[in-house]
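Spelled out from the first residue to the last, the chains are:
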Amino acid sequence: MKRFVFIVITVLLVACAGDKSESDTVRDMAVEEVKSKLNLPEGTTFNNENIEVTEKTSDTEGVETIYMVKVSINSQDQNGNEVIKTHTLEYEKGDGDTYKLVSFNE
(Lines give C-alpha, C1' and ligand atoms only; values in the text may rest on other atoms or scores of the structure.)
Protein backbone atom coordinates (compact mmCIF):
# COMPACT_ATOMS: atom_id res chain seq x y z
CA MET A 1 0.00 0.00 0.00
CA LYS A 2 2.82 2.39 0.85
CA ARG A 3 4.41 1.70 -2.52
CA PHE A 4 1.19 2.51 -4.32
CA VAL A 5 0.83 5.84 -2.47
CA PHE A 6 4.48 6.66 -3.22
CA ILE A 7 3.98 5.94 -6.94
CA VAL A 8 0.82 8.08 -7.10
CA ILE A 9 2.54 11.01 -5.38
CA THR A 10 5.55 10.70 -7.67
CA VAL A 11 3.36 10.71 -10.78
CA LEU A 12 1.51 13.80 -9.54
CA LEU A 13 4.75 15.65 -8.84
CA VAL A 14 6.14 14.82 -12.27
CA ALA A 15 2.89 15.90 -13.94
CA CYS A 16 2.89 19.21 -12.07
CA ALA A 17 6.54 19.79 -12.91
CA GLY A 18 5.76 19.21 -16.59
CA ASP A 19 2.96 21.79 -16.57
CA LYS A 20 5.21 24.32 -14.90
CA SER A 21 7.87 23.76 -17.51
CA GLU A 22 5.43 24.35 -20.40
CA SER A 23 4.10 27.52 -18.77
CA ASP A 24 7.66 28.76 -18.27
CA THR A 25 8.49 28.02 -21.91
CA VAL A 26 5.46 29.96 -23.15
CA ARG A 27 6.21 32.78 -20.70
CA ASP A 28 9.78 33.09 -22.00
CA MET A 29 8.59 33.05 -25.61
CA ALA A 30 6.05 35.79 -24.87
CA VAL A 31 8.68 37.99 -23.18
CA GLU A 32 10.97 37.71 -26.21
CA GLU A 33 8.08 38.40 -28.59
CA VAL A 34 7.01 41.52 -26.66
CA LYS A 35 10.60 42.81 -26.54
CA SER A 36 10.92 42.29 -30.29
CA LYS A 37 7.53 43.72 -31.34
CA LEU A 38 7.76 46.79 -29.09
CA ASN A 39 11.48 47.43 -29.65
CA LEU A 40 12.14 47.51 -25.90
CA PRO A 41 15.68 48.40 -24.83
CA GLU A 42 18.16 45.62 -24.22
CA GLY A 43 18.22 44.60 -20.58
CA THR A 44 14.47 45.10 -20.10
CA THR A 45 13.30 42.62 -17.50
CA PHE A 46 9.90 41.38 -16.39
CA ASN A 47 8.88 39.87 -13.08
CA ASN A 48 6.11 37.40 -12.29
CA GLU A 49 3.71 40.22 -11.40
CA ASN A 50 3.92 41.57 -14.98
CA ILE A 51 3.03 38.31 -16.71
CA GLU A 52 -0.03 36.08 -16.38
CA VAL A 53 -0.19 32.73 -18.19
CA THR A 54 -3.45 30.81 -18.46
CA GLU A 55 -4.04 27.61 -20.36
CA LYS A 56 -7.06 25.77 -21.68
CA THR A 57 -7.56 22.61 -23.66
CA SER A 58 -8.32 22.96 -27.33
CA ASP A 59 -11.11 21.44 -29.41
CA THR A 60 -9.13 21.98 -32.63
CA GLU A 61 -7.54 18.92 -34.19
CA GLY A 62 -3.74 19.00 -33.98
CA VAL A 63 -3.76 21.58 -31.18
CA GLU A 64 -3.43 20.23 -27.65
CA THR A 65 -3.45 23.38 -25.53
CA ILE A 66 -4.04 27.10 -25.98
CA TYR A 67 -2.01 29.48 -23.81
CA MET A 68 -3.10 33.07 -23.18
CA VAL A 69 -0.30 35.32 -21.95
CA LYS A 70 -1.02 38.83 -20.62
CA VAL A 71 2.03 41.07 -20.29
CA SER A 72 1.68 44.39 -18.45
CA ILE A 73 4.24 47.11 -19.12
CA ASN A 74 4.56 50.06 -16.76
CA SER A 75 5.87 53.33 -18.18
CA GLN A 76 5.42 57.08 -17.85
CA ASP A 77 3.96 59.65 -20.20
CA GLN A 78 5.52 63.06 -20.86
CA ASN A 79 3.90 64.52 -17.73
CA GLY A 80 5.32 61.80 -15.48
CA ASN A 81 2.01 59.98 -15.01
CA GLU A 82 2.20 56.21 -14.76
CA VAL A 83 0.83 54.37 -17.78
CA ILE A 84 0.12 50.64 -17.76
CA LYS A 85 -0.37 48.89 -21.09
CA THR A 86 -1.43 45.26 -21.27
CA HIS A 87 -0.59 43.13 -24.29
CA THR A 88 -2.25 39.75 -24.91
CA LEU A 89 -0.54 36.94 -26.78
CA GLU A 90 -2.15 33.64 -27.72
CA TYR A 91 -0.08 30.53 -28.36
CA GLU A 92 -1.17 27.11 -29.58
CA LYS A 93 0.73 24.00 -28.55
CA GLY A 94 0.62 21.36 -31.21
CA ASP A 95 1.84 17.80 -31.21
CA GLY A 96 5.20 17.46 -29.48
CA ASP A 97 6.82 20.58 -28.13
CA THR A 98 5.87 23.05 -30.85
CA TYR A 99 4.30 26.39 -29.95
CA LYS A 100 2.79 28.78 -32.48
CA LEU A 101 1.98 32.44 -31.89
CA VAL A 102 -1.61 32.88 -33.07
CA SER A 103 -2.31 36.48 -32.07
CA PHE A 104 -0.61 39.52 -30.56
CA ASN A 105 -2.92 42.31 -29.34
CA GLU A 106 -1.45 45.59 -28.24
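Higher on the page you've got the structure.
Just so it is clear, the model here is predicted, and its values are computed rather than measured.

## Looking at the overall build of the chain
A count of helical and extended segments in the chain gives 1 helix and 4 strands. Counting from the amino terminus, the chain carries its helices and strands in the arrangement α-β-β-β-β. Evaluated residue by residue, the chain yields a buried proportion of 25% over its 106 residues. The long-range fraction of contacts in the chain, counting pairs at least 24 apart against all pairs at least 6 apart in sequence, stands at 38%. Of the accessible surface of the chain, which amounts to about 7,800 Å², a share of 50% is contributed by carbon and sulfur atoms.

## Side note on the nonpolar core
In summary, soluble globular proteins display a tendency toward joint burial of nonpolar side chains. Counting residues in each nonpolar core, the largest one holds 14 residues, and the members touching the most others are Val34, Phe46, Val69, Val71, Leu89 and Tyr91. Only helix 1 (2–37), strand 2 (63–76), strand 3 (82–94) and strand 4 (99–105) provide two or more residues apiece to this core. Discounting residues that sit within four places of it in the chain, Leu89 has contacts with Ala30, Glu33, Val34, Tyr67, Met68, Val69, Val71, Leu101, Ser103 and Phe104.

## Quick look at the packing of aromatic side chains
Under the defined criterion, the tally for this structure stands at 1 aromatic pair. Geometry around Phe104 places Lys37 over its ring, the cationic atom sitting 5.9 Å from the centre.

## So, the pattern of salt bridges
Taken as a whole, this structure holds 3 salt bridges when the rule is applied. Measuring nitrogen to oxygen at the nearest pair gives 3.8 Å for the salt bridge that ties Lys37 to Glu33. In this pair, Lys37 and Glu33 both sit in helix 1, 4 residues apart, roughly one turn of the helix. Overall, the relative accessible area of 45% leaves Lys37 in the partly exposed class. Among the residues examined, Glu33 registers a relative accessible area of 23% and is labelled partly exposed. Each of Glu22, Glu64 and Lys93 takes part in a single network of salt bridges with overlapping partners.

## Topic: the side chain of Glu22
Its location among the elements puts Glu22 in helix 1. There is a polar contact of 2.8 Å between the side chain of Glu22 and the side chain of Tyr67. Within the local environment of Glu22, its side chain forms a polar contact with the side chain of Lys93, the two groups lying 3.1 Å apart. Ignoring sequence-local partners within four residues, the contact set of Glu22 consists of Tyr67, Lys93 and Tyr99.

## Side note on the sheet that holds strand 4
Ordered in space as 1-2-3-4, the 4 strands form an open sheet in which the pairing is antiparallel. If you trace the sheet from one side to the other, it starts and ends with strand 1 (51–57) and strand 4, each paired once. Strand-to-strand twist of the sheet, defined as the mean angle between neighbouring strand axes without regard to direction, takes the value 20°.

Thresholds applied
- Residues numbered from 1 in each chain as written.
- Predicted model: local features only at pLDDT ≥ 70, side-chain atom pairs only at ≥ 80, totals over all residues.
- Heavy atoms only, no water.
- Helix = DSSP H or I, 4+ residues; strand = E, 2+ residues; numbered from the N terminus.
- Buried < 20%, exposed > 50% of the residue type's maximum accessible area, 1.4 Å probe, protein only.
- Contact = heavy atoms within 4.5 Å.
- Areas by Shrake-Rupley, 256 points an atom, 1.4 Å probe, with all protein chains shown as cover.
- Core = buried A, V, L, I, M, F, W, Y, C linked by side-chain atoms within 4.5 Å.
- Phe/Tyr/Trp six-rings, centres within 6.5 Å; stacked < 30°, edge-to-face > 60°.
- Lys NZ or Arg CZ within 6 Å of the ring centre and 35° of its normal.
- Salt bridge = Lys/Arg side-chain N within 4 Å of Asp/Glu carboxyl O.
- Polar contact = N/O pair within 3.5 Å; in protein donor to acceptor, adjacent residues only side chain to side chain.
- Pairing = 2+ DSSP bridges.
- Axes fitted to C-alpha atoms, helices over the stretch in contact; angles between N-to-C directions.

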